[in-house]
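# What the coordinates show
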Amino acid sequence: MCGIIGYIGQENVYPILIQGLQRLEYRGYDSAGIAILNGSLKVFKCKGRVSDLEQHVKDEDISGTIGIGHTRWATHGEPNDRNAHPHTSMNGKFVLVHNGIIENHTELKTDLMKNGFRFQSETDTEVLVNLIEYFYSKGEAIDGEMAIRLALSKVVGAYGIAVICTKEKDQLIVARKGSPLVIGVGEGSYFIASDASPIIPYTRNMIYLNDNDVAIINRQGLILKTVENIPAVFNITKVSMTIGEIEKGDFDHFMLKEIFEQPKIIEETFRGRITSDHSTIILGGLMDVFPKLLSAQRIIIIGCGTSWHAALVGEYLIETYARIPVEVEYASEFRYRNPILTNTDVVIAISQSGETADTLAAIRMAKANGATVLGICNVVGSTIARETEGGVFTHAGIEIGVASTKAFTAQVTVLTLLALKLAKENEKMTQETYQCLIQELINVPAKVQSILQKHLHIKEVASKYKKATNALYLGRGLLFPVALEGALKLKEISYLHAEGYAAGEMKHGPIALVDDNLPVVVVAARDDYYTKIVSNIHEVKARKGNIIAVVTEGDNNLNSLVNDLFEIPESHPIVTPILAIIPLQLFSYYIAVSRGCNVDQPRNLAKSVTVE
Ligand code: F6R
């Protein structure tokens, strides 16, 4: 949700800002803009993508060594030039970029208007920059930094901001509450960004800001304090991300690259967590809290979107194998519905980005109510990773495609490890079965690879369905969340309406949709529900639906019933969710490409949902 970039140093700032915005474009692409201070302030911004901004400035003087930039995912005010960031205060004393939402902007704006302030845009951000100028103009004793802190103390809501005071020329001020901000530490230079990816071409030394932090940065160093003016300490973290991870390489899209990375990612996620003799699972990040997990009255898994689908897989796995009651909740519902929580509950938050606003708020609420809160996160250093009491990192690497793919399979890998470990420690599984299922997981990367090798067949099938307007996805048991995830992938990148359903529920409503135009994707790999799902396939066939089935290799029973087949290798059901989602990811990808959709940056979406 909006990307922020900033730089102060010796180098020409423009290429740093533009390349940074390109890397951050996955966070929003409604408009883009930059501000450069070089004696005087220059602000360039326009509706559209970073490439539109480049065109917009091509004949302009863009020299300077201090600047800020922004790529927008619109919340307040439609995507247009006026609402694009950076926003300048009425008298031009401050310029600011913002990620987040100022919730009390209406009251603040009314007060500012009474004080003579006039506004150019419909954004909450312009209110904030004018509020800063309002405090600044109160007297000489108030410098830029103090004005910013005074303004922030009046703000309700979330922000990650980078601000330049045009009167204090060699300084950049940044602050965060609720929206992520990272400072990259170079030699006599500092980089600001919403995440580390635009910074790593220059430095791996990062400072992750905490909520309420304000950093005052000049070329000689930085001072960190709180909004209340209390000095704060910072740690410099070395990140291990490589430039290769943030480039597409030979792939047409990041999404395709990330789909193809999955064999490696899954292995990375279990590697080091399974002993070399394959006899034991070790989850270091849960060591201290494991007794709590084992004695939990119930485990509540929370997340949003794809992470919520992974949570559903986790529910089936943990209840089936470890026999611990599990509930799964949308973080956005859980946080507001005043759930009954006790200190015997363990909440596990799943999040790729580690910054999703609803998940973060749900974590805080659960903690305040006495629950033990753990995380399954991808981004090291993210807010959710830092605010949970323990957890497991997925090792998916940076995910840039807006539609989550490798993060999902990595999350499910972690949940499989967790379910197996709980089952073993809970004495619900023999050592023999435990080792046998660990081996199933170890075999997954090679099986995923073999599915990926069939991508041309999946592409061919996708081309048949590119003109569809609706699709129904069905699954049962562990494969029901896979159906949900398959449908989500299709709708978010190809804009086709797709619904995921528990196959047994079909006859209670969705069957009315079935006719000879409707593609029905049935996840029908061999497991305990197989005969039931075959009955559902018959029901669809009887109504002339076009059936595309994900089946186990060698299963010829369905050939005459279905129009198209995607085969996955024979496996124990515990790992079928990871295998079955792969053809569905590719199917959505190829449909979206053939419909001419922007796969990596689908309309209206953003990668990291830091607003509620
Ligand atoms: C779908 C997708 C979203 C995210 C959701 C949660 O492809 O990417 O549905 O899964 O916004 O994001 P995280 O996992 O970062 O909390």
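In case you missed it, the structure is sitting above this.
Quantities reported herein were computed from a predicted structural model and do not represent experimental measurements.

### Notes on the site of the ligand
As a matter of local geometry, the ligand sits amid 15 residues, with Ser307, Ser351, Ser353, Thr356 and Glu492 nearest to it. One nitrogen or oxygen atom from the main chain of Gln352 is found 2.7 Å from an oxygen atom belonging to the ligand. At 2.4 Å, a side-chain N or O of Thr356 approaches an oxygen atom of the ligand. Taken by itself the ligand offers 400 Å² of open surface, and the protein chains cover 90% of this. Listing elements by their share of the shell around the ligand, those giving two or more residues are helix H9 (305-322) and helix H17 (480-494).

### Side note on the nonpolar core
Residues Leu293, Ile299, Ile301, Ile318, Tyr473 and Phe587 are the most contacted members of the largest nonpolar core, which totals 94 residues. No other element matches the twelve residues that helix H19 (residues 576-594) contributes to this core. Counting only domains with at least three residues in this core, you end up with domain 2 (251-442) and domain 3 (453-601). With residues up to four places along the chain from it excluded, the contact list for Ile318 reads Ile299, Ile301, Arg323, Ile324, Val326, Leu418, Ala419 and Leu422.

### A short note on the packing of aromatic side chains
Scanning all chains against the criterion turns up ten aromatic pairs. Judged by centre distance (5.2 Å) and plane angle (70°), the ring pair of Tyr134 and Phe135 falls under edge-to-face. Considering the side-chain rings of Phe251 and Phe260, the 5.7 Å spacing of their centres and the 40° angle between planes classify their relative orientation as tilted. Counting every residue linked through ring pairs, the aromatic cluster contains Tyr7, Phe191 and Tyr202. Sitting over the ring of Phe119, Lys109 keeps its end group 4.9 Å from the ring centre. Directly above the ring of Tyr495 sits Arg603, whose terminal nitrogen or CZ lies 3.8 Å from the centroid.

### Let's talk about the state of the cysteines
Inspection of every chain in the model, using the stated rule, returns zero disulfides. Of the cysteine sulfurs around Cys2, a residue in no disulfide, the closest is that of Cys46, at 15 Å.

### With respect to the sheet that holds strand E19 (residues 390-393)
Read across the sheet, five strands follow the order E16-E15-E17-E18-E19 without closing on themselves; strand pairing throughout is parallel. With partners counted over all chains shown, the strands left at the sheet margins are strand E16 (326-330) and E19, one partner each. Geometrically, the sheet is characterised by an average inter-axis angle of 20° between neighbouring strands, direction not taken into account. Bridge analysis of strand E18 (residues 372-377) against E19 gives four bridges, and the strand direction is parallel. Looking at the pairing, Gly375 lines up with Gly391 of E19. Strands in contact with H9 are strand E15 (298-303), E16 and strand E17 (345-351); relative to E16, the strand with the most contacts, it is inclined by about 170°. Contacting E15, E17, E18 and E19, helix H13 (residues 406-425) crosses the sheet at an angle of about 155° to E17.

### Some points on the side chain of Arg72
Inspection of the secondary structure assignment puts Arg72 in strand E4 (residues 66-72). Notably, Arg72 is buried but unbridged: the nearest opposite-charge side chain belongs to Asp30, and the N-O separation is 5.8 Å. From its side chain, Arg72 meets the backbone oxygen of Gly77 in a polar contact 2.8 Å long. Of the polar contacts made by the side chain of Arg72, one reaches the backbone oxygen of Glu78; its length is 3.3 Å.

Rules and cut-offs
Residues numbered from 1 in each chain as written. Predicted model: local features only at pLDDT ≥ 70, side-chain atom pairs only at ≥ 80, totals over all residues. Heavy atoms only, no water. Near = heavy atom within 4 Å. Polar contact = N/O pair within 3.5 Å; in protein donor to acceptor, adjacent residues only side chain to side chain. Areas by Shrake-Rupley, 256 points an atom, 1.4 Å probe, with all protein chains shown as cover. Helix = DSSP H or I, 4+ residues; strand = E, 2+ residues; numbered from the N terminus. Core = buried A, V, L, I, M, F, W, Y, C linked by side-chain atoms within 4.5 Å. Buried < 20%, exposed > 50% of the residue type's maximum accessible area, 1.4 Å probe, protein only. Domains from an automatic or database assignment. Contact = heavy atoms within 4.5 Å. Phe/Tyr/Trp six-rings, centres within 6.5 Å; stacked < 30°, edge-to-face > 60°. Lys NZ or Arg CZ within 6 Å of the ring centre and 35° of its normal. Disulfide = S-S within 2.5 Å. Pairing = 2+ DSSP bridges. Axes fitted to C-alpha atoms, helices over the stretch in contact; angles between N-to-C directions. Lys, Arg positive; Asp, Glu negative; His and termini not counted. Salt bridge = Lys/Arg side-chain N within 4 Å of Asp/Glu carboxyl O.

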